[in-house]
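Spelled out, the chains give:
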Amino acid sequence: MRTKVAVAGASGRMGRYISDVIAAASDFELFARLNSKTPLNEMLGADIVVDVTLPTVSPKVVEFAVENGIRAIVGTSGWSGERITALETRVAEAPDAGVLMVPNFSLGSVLASQFAATAARFFESIEIVEAHHANKIDSPSGTAVRTAELIAEARRFLPTVAPHADQRARGQLVAGIPVHSLRVRGITARQDVIFAGEGELLTISHETLSQDSYEAGILLALRAMRTLRGVAVGLDSLIEPAPTAP
């Protein structure tokens, strides 16, 4: 029996791509495509909804899904830590509810963020430069926010050196890390995490060359939703750690 999936934001570029991935998968059924004019009750009957709408719309989609027993994958940026904490409280009241927040469906991007968190323990000068296509509405990107949060968590009580961070040209501080956002034509997505130490520079880069890079992550997220309960953040929460040598 195939899992029924609704896509909210199906008329957008990412929504169309996700819809195509679902339609081509043998273990999923594309149950409904929702756009800005579609009532949310069109997703009733689906097992999962994938939300790739707008930051102002996404909370309504997720709330409706939780209220109606539909598990949700959130690919929309703009969810703050406070909003996610409030969602965790709401989801805890519904034992079978599951919500997965996905800042980026690219497995390569997820791994790059994890590598950055590992490197963060060894450098105190860290900055992030992210670039997306000119039509991306939000900045900084959800990926950059997630990366900064992972870096801050890895460093814990170790301070990060970010001189003159009060100046606007120094970027936006996210979890103490300066983040610089570019919105330019001719690019899909790129992120550079720059670490500097005495006499050396380390840059961890990831660039999305086409939407095809998202397919594996989309399917990983969808298949995880069959058993996921509560709120999880990032595809990294689904990736098994490498086995240690005996």
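Refer to the structure presented above.
Remember, it's a predicted structure, so these values are computed and weren't measured experimentally.

## Some points on the overall build of the protein
Point 1. Secondary structure assignment for the protein yields six helices and 11 strands.
Point 2. Its C-alpha atoms give the protein a radius of gyration of 19 Å, within 12% of the compact-globule value 18 Å for 246 residues.
Point 3. Seen along its three principal axes, the alpha-carbon backbone of the protein occupies a region of about 60 × 50 × 30 Å.
Point 4. Buried residues in the protein amount to 45% of all 246 residues.

## Regarding the nonpolar core
Point 1. Membership of the largest hydrophobic core comes to 27 residues, with the highest contact counts inside it found for Ile18, Ile73, Phe105, Ile218 and Leu222.
Point 2. Where this core is concerned, the elements lending two or more residues are β1 (3-8), α1 (13-24), β3 (48-51) and α6 (215-224).
Point 3. Per element, the largest residue contribution to this core is five residues, and it comes from α1.
Point 4. With near-sequence residues (within four places) excluded, isoleucine 73 lies in contact with Ile48, Val49, Val50, Asp51, Leu100, Val102, Phe105, Ala221, Leu222 and Met225.

## Some points on the pairing of β1
In regular strands, side chains alternate between the two faces of the sheet.
Point 1. Along β1, five of the six residues are buried, which leaves the element largely enclosed by surrounding structure.
Point 2. Across six bridges, β1 lies against strand β2 (residues 28-34) in parallel orientation. Bridge pairing in β2 places alanine 8 opposite leucine 34.
Point 3. As for the winding sense of the linkage, the β-α-β connection from β1 through α1 to β2 is right-handed.
Point 4. For β1 and β3, the ladder comprises four bridges, and the chain directions are parallel. Bridge pairing in β3 places valine 5 opposite isoleucine 48.

## Description of a nonpolar patch on the surface
Point 1. Taken together, Leu54, Val57 and Ile137 make up a surface patch of nonpolar side chains, about 270 Å² in accessible area.
Point 2. Within the secondary structure layout, isoleucine 137 lies in the loop between β6 (125-133) and α5 (142-155).

## Observations regarding the pairing of strand β5 (residues 98-101)
Point 1. Here β5 shows a buried face lined by Gly98 and Leu100 and a second buried face lined by Val99 and Met101.
Point 2. Where strand β4 (residues 71-74) meets β5, three bridges bridge the pair, whose relative direction is parallel. What sits directly across from alanine 72, in β5, is valine 99.
Point 3. Once the chain exits β4 it traverses helix α3 (residues 81-92) before rejoining the sheet at β5, and the crossover so formed is right-handed.
Point 4. Sheet topology note: the β5/strand β11 (residues 230-233) ladder contains four bridges and is parallel. Counted as the bridge partner of glycine 98 is glycine 230 from β11.

## Things to note about unusual backbone geometry
Point 1. The step from serine 139 to proline 140 runs through a cis peptide bond, and the omega angle for that step is -5 degrees.
Point 2. Within the secondary structure, proline 140 is located in the loop between β6 and α5.
Point 3. Located in the positive-phi region is alanine 175, a residue other than glycine, with phi close to 55 degrees.
Point 4. Mapped onto the elements, alanine 175 comes out in the loop between β7 (172-174) and β8 (177-184).

## Examining the side chain of glutamate 127
Point 1. Counting through the fold element by element, glutamate 127 comes out in strand β6.
Point 2. Within the local environment of glutamate 127, its side chain forms a polar contact with the side chain of arginine 170, the two groups lying 2.7 Å apart.
Point 3. When residues no more than four places from it in sequence are discounted, the contact partners of glutamate 127 are Arg170, Ile177, Pro178, His180, Asp192, Val193 and Ile194.

## Quick look at the pattern of salt bridges
Point 1. Inspection of the entire model under this criterion finds 10 salt bridges.
Point 2. One salt bridge connects arginine 190 with glutamate 207, and the closest N-O pair in it is separated by 3.1 Å. Of this pair, arginine 190 sits in strand β9 (residues 189-197) while glutamate 207 is found in strand β10 (residues 200-208), placing the two residues 17 residues apart along the sequence.
Point 3. Each of the salt bridges in this network shares a partner with another, and the network as a whole consists of Asp27, Arg223 and Arg226.

Conventions we followed
Residues numbered from 1 in each chain as written. Predicted model: local features only at pLDDT ≥ 70, side-chain atom pairs only at ≥ 80, totals over all residues. Heavy atoms only, no water. Helix = DSSP H or I, 4+ residues; strand = E, 2+ residues; numbered from the N terminus. Rg over C-alpha atoms; globule rule 2.2 N^0.38 Å. Buried < 20%, exposed > 50% of the residue type's maximum accessible area, 1.4 Å probe, protein only. Core = buried A, V, L, I, M, F, W, Y, C linked by side-chain atoms within 4.5 Å. Contact = heavy atoms within 4.5 Å. Pairing = 2+ DSSP bridges. Right-handed = clockwise from strand over helix to strand, strands pointing away. Patch = residues over 30% accessible without salt bridge, like charges linked within 9 Å, V, L, I, M, F, W, Y side chains within 5 Å. Areas by Shrake-Rupley, 256 points an atom, 1.4 Å probe, with all protein chains shown as cover. Salt bridge = Lys/Arg side-chain N within 4 Å of Asp/Glu carboxyl O. Polar contact = N/O pair within 3.5 Å; in protein donor to acceptor, adjacent residues only side chain to side chain.

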